[in-house]
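Here are the chains, one letter per residue:
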Amino acid sequence: MKPTFKAIVLFSLLTALLPQASFAEVPQSQAEIKLSFAPLVKKTAPSVVNVYAARIVRARSPFANDPFFEQFFGQSLQNAPSRKQSSLGSGVIVDQSGLIVTNYHVIRDADEIKVALSDGREFESKVMLKDEATDIAVLKITPKGTPFPVLPLGDSDEVEVGDLVLAIGDPFGVGQTVTSGIVSAQARTRVGISDFDFFIQTDAPINPGNSGGALIDMRGELIGINTAIYSQSGGSVGIGFAIPANLVKTVLDAVKRGEQTFEPPYIGASFQNVTADVAEGLGMAQPYGAIITDVTKGSPAEKAGLKIGDVILKAQNVRIDNPDSLGYRLMTTGIGHTLDIEYLRNGETGNTSISLTSVPENEVSRPEKLTGNTPFAGAEVMNLTPMNARRFHVAPDTVGVVINNVDDNSNAAGIFQRGDIIHGLNGKDIKTVDNLKKVLSKGNPRIWQLEFERNGMLVRQFVR
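Residues numbered from 1 in each chain as written. Predicted model: local features only at pLDDT ≥ 70, side-chain atom pairs only at ≥ 80, totals over all residues. Heavy atoms only, no water.

### Some words on the UniProt feature "binding site: substrate" (unreviewed entry) in the protein chain
Within this structure's numbering, the places UniProt gives as "binding site: substrate" (unreviewed entry) are H105, D135, G209, N210 and S211. Counting through the fold element by element, H105 comes out in helix α5 (residues 104–107). Given the relative accessible area of 39%, H105 is considered partly exposed. Other than its neighbours up to four places away in sequence, H105 contacts D135, S211 and T227. For G209, the position within the fold is in the loop between β10 (199–202) and β11 (214–216). (UniProt positions renumbered as here; feature names shortened; annotations may be inferred. Helix = DSSP H or I, 4+ residues; strand = E, 2+ residues; numbered from the N terminus. Buried < 20%, exposed > 50% of the residue type's maximum accessible area, 1.4 Å probe, protein only. Contact = heavy atoms within 4.5 Å.)

Right under this line is the structure:
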């Protein structure tokens, strides 16, 4: 069958258009065939290090502190042998002075931390700062001869979904490994990894041991610290999360100022998500922003003129989708700086500036480690104030003393867990750390009566 006139014309048109169409093409030259990430890897990989953390752990008998078994076996239940427990992670050299950024969970409770560079050099490291809320830790190693390879920090706010990225780390301890992917999502929240909720999501494979490693862009700049994956098997399924580099910068600035803790700014207001129903009631076309539910008297928020019911729409001229994104803008702006706010009130938008300050002393709760011959020996406790209630995922008005940490080699280790809220001791209500210490100081009873809350459940326990 001969082609018709229309068919010939249609074929001619398609032939003319094909060179302009966006179709994938086979490499046309030797140079295109050789396109590779290799030059970028050679430039950046030496800045990514292995972090070896070790701690001494004393095994505990499951019958320790049990009155029945202790009357037969006594202290032998407590004197269990100790062993060395080690973990492996990654880190990134970010400053010529030897500063290394890694994850808090990589070095948590470590008694010894060593850093191994890709060129074979090993160093003892010093912890300069560790912050559980953001899951960031900063280590320092001392330069010896050859300068350290440094990975420059990029601007994570410029990262867009679809950007190519490389993840570099030491998965499963097999040695330094590079994987590639794209940015799958920005500002990912409600991940449940840490108190900080504002992650870069990537499909670049990240596996155990990659924690603390580098997520880099095509300019060879650090845009995130790989921190966790979503997986039901333990292996990568293409959903990984990284802490944005702009937050890392803020933590590093605190270290360079000589601070040993990272303190987020205080504005003295509480926020909630703007739901679809709330947005409709406020006349908003879309549900976004952070609605103010409480303003503390005399706080920076009150001084800036903000009121309950105001909806924060923008901060530093960036759209605020939810309270977590507002919290991120607060942390990356930092104490001593000004946060420019756009808000909605009674259907009209307004602008104001908030001077970011430190948390007032009356709202700060410092951890305190308890000692002595009591069930609480080795437990780190703190008052459960509204400022740290979110950290332990409890209601802001919850009253009590919370367990912040427990030493492995301690009386408290076999009884308490981090996040337990102490409500009673020996028949006395416990509301503050001072209250708890006062009850502990009143002698050493044969049987201790404990009352505490764990995961929403009330636990009553008797300990000898």
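### Thoughts on the pattern of salt bridges
Going through the model one piece at a time under the given rule, you end up with 17 salt bridges. R257 is paired through a salt bridge with E259; the nearest N and O atoms lie 3.0 Å apart. Of the charged contacts, one joins E451 and R460 as a salt bridge, the two residues approaching to 3.4 Å between their closest N and O atoms. Assessed through its relative accessible area of 59%, R460 is described here as exposed. Linked by salt bridges that have partners in common, E158, D217, R219 and E221 make up one network. (Salt bridge = Lys/Arg side-chain N within 4 Å of Asp/Glu carboxyl O.)

### Details of helix α9 (residues 323–333)
For α9, the buried fraction is high: eight of the 11 residues fall into the buried class. Considered for burial, the residues of α9 that qualify are D324, S325, L326, Y328, R329, L330, M331 and T333. Put simply, N322 is the residue that caps the front of α9, since its side-chain oxygen is 3.2 Å from the backbone nitrogen of D324. Trailing α9 by a residue or two, G334 shows a phi angle of about 90°, which is positive. (Polar contact = N/O pair within 3.5 Å; in protein donor to acceptor, adjacent residues only side chain to side chain.)

### Things to note about the UniProt feature "active site" (unreviewed entry) in the protein chain
The positions UniProt marks with the feature "active site" (unreviewed entry) are H105, D135 and S211. In summary, the annotated positions, though distributed over 107 residues, converge in three dimensions, the widest C-alpha pair being only 10.3 Å. As for its placement among the helices and strands, D135 is situated in the loop between β6 (126–131) and β7 (136–140). Looking at the secondary structure, you find S211 in the loop between β10 and β11. According to the relative accessible area criterion, S211 is buried, its value standing at 15%. Once residues within four sequence positions are removed from consideration, S211 is found in contact with G89, S90, T102, N103, H105, V106, N226 and T227.

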